[in-house]
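# Summary of the model geometry
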Amino acid sequence: MIELDLASKQHDETRQGEALILENKTVEKNQRKLYIESYGCAMNFSDSEIVASILSEDGFSTTPDYNEADVIFINTCSIRENAETRVRNRLKQFKAIKKTNKGLVIGVLGCMAERLKSKFLEEEQLVDVVVGPDAYRDLPNLIKQVNGGQKAINVLLSREETYADLSPVRLNSNGISAFVSIMRGCDNMCSFCVVPFTRGRERSRDAHSIVKEVTDLLNDGYKEVTLLGQNVDSYKWTSEDGKEKVNFAHLLEMVALVSPTMRVRFSTSHPKDITHEVIETIAKYKNICNYIHLPVQSGNSRVLGLMNRTYTREWYLNRIDAIRRIIPECGISTDIISGFCTETDEDHQETLSMMELVKYEFAYMYSYSERPGTPAAKKFTDDVSPGLKQKRLEEIIALQQIHSRYRAQIRVGKIEEVLIEGFSKKSKTDYCGRSDHNHMVIFPVVKGYQPGDYVKVLVEKTTTATLIGSIIE
Ligand code: SAH
Ligand code: SF4
Ligand code: F3S
């Protein structure tokens, strides 16, 4: 089990938003202080910005130091067992602070709060408040209850809440890229997945409020937005008078038209829902990045059926063909689960052969973790042994490394348009930034160019997945 955790952690670290500990900025001084830490997907990261916004109205500023906090929130993830274990371990560390600071409020937010509800208050004695993803507007009130000596909980899910009117407080921001949530919840019932239970029904946010948020970001100097949803292709918004109907392709176009200098990314696409119209819209606008994250989960149609993904191997490959035909240079990444219920060696071989056919730029790879209450937990036996899941996962990871290297190497000698994000992690004499199709690119700092600028970089060499080059203009 420990090895499984390590294997998936390696990949979590590369995933935007996964297991991300926010390095919050202190917004204003002399107020009550909030420390917030986020785990899980980009959606949780984005929700923490909503939470900071709601609490800033209530006199809180954020702090990067939990020792000076009046309120500590952990925004949690339930997607795999190890995600929950990590949160529990973190809570244990906060126990010590609670001993010396009796007035400290500790809260659990997000998916684990929703999944465990009041059980959390019983299990983890130090937690004062439990709040699900649709109840953040109630936070000031819940904190008041706790200050009054009670425990507080609100885990009501909503069919309408999208926090559309709120301006997120950008946490841990480089001032260049931002997440913009376009919808909440999920109506798909992939049998392995806890998200429909923790996030509730799918609902799409008012398209104009999305465009307004992107326009505000542009005016604040941002250069890249990532539109977020569990299944962005099923985005569907209708105005109150019923006259305006916006699907994901239209929304992409509306956002792309905010400014040609604003890059647009999005995540996550679902293979059953991604349309020609969406692919063509990506191709039509230069500022919509040529990059699609298209989780396959398994390469075997029988397993996909048990997963209730509602597409087959052939359908998926057909989508890949359409993407390659319409956007030949498109970067494609995926999510893969090893060792789902009943998976045989032959089924696993089909996942490997799918990888061979697509040769993904990147992949996030996990071994199956049974989640209580999901359709798979109810209907199927988790019958692939941990050792076998791990062995298959390692094969998947090893093959992906070969493909990542291949995809990076074919960029050598090419010129990439890169948005400079900042200095590279390793050196202040190098900049880093992402190419259009989402490769990290490292290149020496050249006077006159700064973070937020677009530059053309000639790729000279690569590491496994990173391109190394120099600015040509
Ligand atoms: N909405 C996105 C995925 C959200 S969860 C989509 O449909 O693609 C991110 C990834 O976590 C999933 O794509 C899947 O690969 C993985 N995942 C979800 N539940 C899991 C489980 N029970 N065990 C292992 N991996 C899981
Ligand atoms: Fe989970 Fe499937 Fe919804 Fe993604 S589409 S969040 S995997 S149920
Ligand atoms: Fe995201 Fe984890 Fe919830 S992946 S939606 S935070 S279960």
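These notes cover the structure that comes with them. (Residues numbered from 1 in each chain as written. Chains lettered and ligands numbered in written order. Predicted model: local features only at pLDDT ≥ 70, side-chain atom pairs only at ≥ 80, totals over all residues. Heavy atoms only, no water.)

### Some thoughts on a positive patch on the surface
Going by this rule: Each patch is built from salt-bridge-free residues with over 30% relative accessible area, joining like charges within 9 Å and nonpolar side chains (Val, Leu, Ile, Met, Phe, Trp, Tyr) within 5 Å. What sets the accessible areas is the Shrake-Rupley method with a 1.4 Å probe; for residues, cover comes only from the shown protein chains. One speaks of a salt bridge when a side-chain nitrogen belonging to Lys or Arg is within 4 Å of a carboxyl oxygen belonging to Asp or Glu. Think of it this way: Lys and Arg go in the positive column, Asp and Glu in the negative one, and His and the chain ends go nowhere. To locate a charge, take NZ of a lysine, CZ of an arginine, CG of an aspartate or CD of a glutamate. For the purposes of this entry, the term helix denotes a DSSP run of H or I that reaches at least four residues, the term strand denotes a run of E that reaches at least two, and both are numbered from the N terminus.
On the surface, Lys92, Lys95, Lys99 and Lys102 cluster together into a patch of positive charge. Mapped onto the fold, Lys99 is located in helix H3 (residues 81-100).

### Looking at the packing of aromatic side chains
Cut-off, in case you're wondering: Aromatic rings from Phe, Tyr and Trp, with only the six-membered ring used for Trp, were paired whenever their centres fell within 6.5 Å, and each pair was classed as stacked if the ring planes differed by under 30 degrees, edge-to-face if by over 60, and tilted otherwise. Relative accessibility decides the category of a residue: with a 1.4 Å probe and only protein chains considered, values under 20% of the type maximum give buried, values over 50% give exposed, and everything between is partly exposed. Our definition puts a charge over a ring when NZ of Lys or CZ of Arg is within 6 Å of the ring centre and also within 35 degrees of the ring normal.
The full count for this structure, using the stated rule, is 13 aromatic pairs. Centre to centre, the rings of Phe340 and Phe380 are 6.3 Å apart; their planes meet at 85 degrees, and the pair counts as edge-to-face. Of the two residues, Phe340 is situated in the loop between strand E15 (331-338) and helix H13 (345-358) and Phe380 in the loop between helix H14 (375-379) and helix H15 (386-409); the sequence distance between them amounts to 40 residues. In this structure, Phe340 and Phe380 share a single accessibility class: buried. Ring-pair connections join several aromatic residues into one group, and the members of that group are Phe192, Phe340, Tyr368 and Phe380. Over the ring of Tyr366 we find Arg80; its NZ or CZ atom is 3.6 Å from the centre of that ring. Sitting over the face of the ring of Tyr406, Lys359 holds its NZ or CZ atom 5.9 Å from the ring centroid.

### Looking at the sheet that holds strand E19 (residues 440-444)
Selection rule: Two strands form a pair only when DSSP identifies at least two bridges running between them. Axes, fitted as lines to C-alpha atoms, cover a helix only where it is in contact. Angles between the N-to-C directions of the axes lie from 0 to 180 degrees.
With mixed pairing, the 5 strands of this closed barrel are ordered in space as E17-E18-E19-E21-E20. Between one strand axis and the next, the sheet turns by 50 degrees as a mean value, whatever way the strands run. Two elements, E19 and strand E21 (residues 466-471), share 3 bridges in a ladder whose sense is parallel. Bridge pairing in E21 links Ile442 to Ile468.

### Overview of the site of ligand 1
Selection rule: Throughout, near means a residue has at least one heavy atom within 4 Å of the molecule or strand. Within 3.5 Å is the distance limit for a polar contact, defined as a pair of N or O atoms, with the added protein rule that one can donate a hydrogen and the other accept it, and that residues adjacent in sequence qualify only through two side-chain atoms.
Looking at ligand 1, there are 15 residues lining it, with Gln230, Pro295, Gln297, Asp335 and Ser369 nearest. Within the side chain of Gln297, an N or O atom sits 2.7 Å from an oxygen atom of ligand 1. When the free accessible area of ligand 1 is taken as 540 Å², the share hidden by the protein chains comes to 92%.

### What to know about the pattern of salt bridges
For the coordinates displayed, the defined rule picks out 37 salt bridges. Of the charged contacts, one joins Lys414 and Glu329 as a salt bridge, the two residues approaching to 3.8 Å between their closest N and O atoms. With Lys414 in the loop between H15 and strand E17 (415-423) and Glu329 in the loop between helix H12 (313-326) and E15, the pair connects residues that are 85 residues apart, well separated along the chain. Classification of Glu329 by relative accessible area gives partly exposed; the value is 42%. With a shortest N-O distance of 3.6 Å, Arg411 and Glu361 are connected by a salt bridge.

### Describing the site of ligand 2
Worth spelling out the cut-off: Classes in brief: Ala, Val, Leu, Ile, Met, Phe, Trp, Tyr, Cys and Pro nonpolar; Asp, Glu, Lys and Arg charged; the others, Gly included, polar.
The environment of ligand 2 is made up of Cys186, Asn188, Cys190, Phe192, Cys193, Val195, Pro196, Gln230, His270 and Arg309. In the shell around ligand 2, the residues fall into 6 nonpolar, 3 polar and 1 charged.

### A look at the packing of helix H2 (residues 42-56) against helix H6 (residues 139-147)
Test applied: Reported orientations rely on four angle classes, namely roughly parallel under 35 degrees, roughly antiparallel over 145, roughly perpendicular from 65 to 115, and oblique for the rest. Residue contacts are counted whenever heavy atoms from the two residues lie within 4.5 Å of one another.
Remark: H2 packs on H6, axes separated minimally by 9 Å, with the N-to-C direction vectors making an angle of 70 degrees. Compared by their axis directions, H2 and H6 come out roughly perpendicular. Touching Val51, Ile54 and Leu55 of H2 are Leu139, Pro140 and Ile143, all from H6. Residue composition of the contact of H2 with H6, by class: 6 nonpolar, no polar and no charged.

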